[in-house]
Amino acid sequence: MPAWNNRWKWLVSDPATWRDEAWLLLDPLVKVVLAPLLLLLPGRGLRVYGLWSKKLLDPTAASRLAGQVSHLQRTRNLAADSQAAEMRRIERDLHDGTQARLVAIGMTLGAVEQLVESDPKAAKALLAKARDASSETLTELRRVIRGIHPPVLAERGLADAVRALAMDSPLDVTVEVNLPHRPEAPVEAAVYFAVSELLSNAARHGDARTAAVDISTNGANLRVTVTDDGMGGADPAKGSGLTGIERRLAAFDGVLAVHSPPGGPTTVSMELPKVLPTSWTGASSRMPRWKTATVVLLWATAWCPTFPQGIVAGIFKIFGIEEKTWFLALHLPEPWQWPTITGMILVGVLMHVMAIRIPASHDRDKFMAEASPTKPWC
């Protein structure tokens, strides 16, 4: 009973419940009203009916916000898990590789110190071994550093870093990059390590000989496609490196699609949405001319019903000023004056709202980024 009671309270207090009830109650009437339009102009009628249903049945703002918060929590947990796994990998590489080699070099130098007087020839041989071991240690340390953030990526950008990967790969890799400018460093790192993992998988597990990497833009989205001629059968559910790539891309709301039939070829597509600045993506945010003209007309005329014909006429009416001038409401019979004044104010407010709403609905991201309480039309 307590669980049922809590669920009932949640159901009654949820605004979406009442919106659903209103839709169920009014939908038959709306269909009857729209019946002529549906018969004469079916396309337009269905569009109007869809707008009506969308208005009431769309998720509420609170529901969308709750979904975004839940998604951000999952993304944060995935990013934290990926970072922890990366730190453990770096620690393991340093402990099992570099640290062990440095200990061995220290022991070798200790042996040299004991043999330098009694057996100089053996001491020289041990010194040569220590020199070779130090060179191998430096090479391994550089490999670990490249695994954290490759210097070529920081210095020359994503395009050249991926080309360097292609040259180091045992596969015959072709690279096509179409990026007008460099993305942000975290985005570059995520794409670089994802491509590196895919090329490694193709060489080690896919028995591939050739591969192709294509990096391009789709508006503000960054799209990466890696194709190889391996034996196929790649499946993220099998615990391969594809799962790690998914976790890495999740921090940017990225998606990964794998097409790998048995026998190949394997195509992996990755898309990171809205990670590129719209200033150089080629995506034009300029409104069509008719929308621009409508907004200009609304701003140019909305003041008239709002202030002179609405607010000012209301002030004249309240204080009993006999001067009617050009105020429409004051020339009407007494019972119609206040409804006309109220209607004028509502029309003016609606025109202001539409003048703000049209640019906002055209490019919501830009509007949310640039608008402010003092400049809501930006």
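This section reports on the structure supplied with the text. (Residues numbered from 1 in each chain as written. Predicted model: local features only at pLDDT ≥ 70, side-chain atom pairs only at ≥ 80, totals over all residues. Heavy atoms only, no water.)

Here we take up the overall build of the protein chain. In terms of regular secondary structure, the protein chain is built from 12 helices and 5 strands. Its C-alpha radius of gyration of 34 Å places the protein chain more than 25% over the 21 Å reference for a compact globule of 378 residues. Its C-alpha atoms put the protein chain at 125 × 55 × 45 Å along the principal axes. By residue count, 29% of the 378 residues in the protein chain fall in the buried class. In the form shown here, the protein chain has an accessible surface area of approximately 24600 Å², with 63% of it arising from carbon and sulfur atoms. (Helix = DSSP H or I, 4+ residues; strand = E, 2+ residues; numbered from the N terminus. Rg over C-alpha atoms; globule rule 2.2 N^0.38 Å. Buried < 20%, exposed > 50% of the residue type's maximum accessible area, 1.4 Å probe, protein only. Areas by Shrake-Rupley, 256 points an atom, 1.4 Å probe, with all protein chains shown as cover.)

Looking now at helix H11 (residues 334–362). Taking 1.5 Å of rise per residue, the 29 residues of H11 would be expected to cover 42 Å, and the 43 Å separating its terminal C-alpha atoms lies within 8% of that figure. Residues of H11 that are buried: Gln337, Thr340, Ile341, Met344, Gly348, Met351, Ala355, Ile358, Pro359 and Ala360. (Expected span 1.5 Å × (residues − 1).)

With that settled, the discussion passes to a nonpolar patch on the surface. A surface patch of nonpolar side chains, amounting to about 990 Å² of accessible area, comprises Trp303, Phe307, Ile311, Ile315, Ile318, Phe319, Ile321, Trp326 and Trp338. With 5 residues, helix H10 (residues 303–318) is the largest single contributor of residues to the nonpolar patch. For Phe319, the position within the fold is in the loop between H10 and H11. (Patch = residues over 30% accessible without salt bridge, like charges linked within 9 Å, V, L, I, M, F, W, Y side chains within 5 Å. Salt bridge = Lys/Arg side-chain N within 4 Å of Asp/Glu carboxyl O.)

This part is about the pattern of salt bridges. In this structure the tally under the stated criterion is 7 salt bridges. Asp160 is the salt-bridge partner of Arg156, the closest N and O atoms lying 3.4 Å from each other. In this pair, Arg156 and Asp160 are both assigned in helix H6 (residues 151–168), 4 residues apart and thus about one turn of the helix distant. Residue Asp160 pairs with Arg163 through a salt bridge whose shortest N-O separation is 3.2 Å. Placement of the pair is Asp160 and Arg163 together in helix H6, with a separation of 3 residues, close to one helical turn. Under the relative-accessibility criterion, Arg163 is labelled partly exposed at 35%. Each of Arg156, Asp160 and Arg163 takes part in a single network of salt bridges with overlapping partners.

Looking now at the nonpolar core. Ranked by internal contacts, the top residues of the largest apolar core, which has 36 residues, are Val191, Val195, Val213, Ile215, Leu222 and Met270. The element contributing the most residues to this core is helix H7 (residues 185–204), with 10 residues. In this structure, Met287, Val295, Leu298 and Ala302 belong to the second largest nonpolar core, which totals 7 residues. (Core = buried A, V, L, I, M, F, W, Y, C linked by side-chain atoms within 4.5 Å.)

The 5 strands are arranged S1-S2-S3-S5-S4 in an open sheet whose pairing can be described as mixed. Only two strands of the sheet have a single neighbouring strand rather than two, namely strand S1 (172–177) and strand S4 (255–259). Across the sheet, the mean angle from the axis of one strand to that of its neighbour is 10°, orientation sign disregarded. Where strand S3 (residues 221–228) meets strand S5 (residues 266–272), 7 bridges bridge the pair, whose relative direction is antiparallel. Note that in S5 the partner of Leu222 across the bridge is Leu272. Along the sheet, H6 makes contact with S1 and strand S2 (210–218), crossing S1 at roughly 170°. Of the strands in this sheet, S1, S2, S3 and S5 are in contact with H7, which crosses S3 at around 10°. (Pairing = 2+ DSSP bridges. Axes fitted to C-alpha atoms, helices over the stretch in contact; angles between N-to-C directions. Contact = heavy atoms within 4.5 Å.)

Just distances and angles here, no functional claims.
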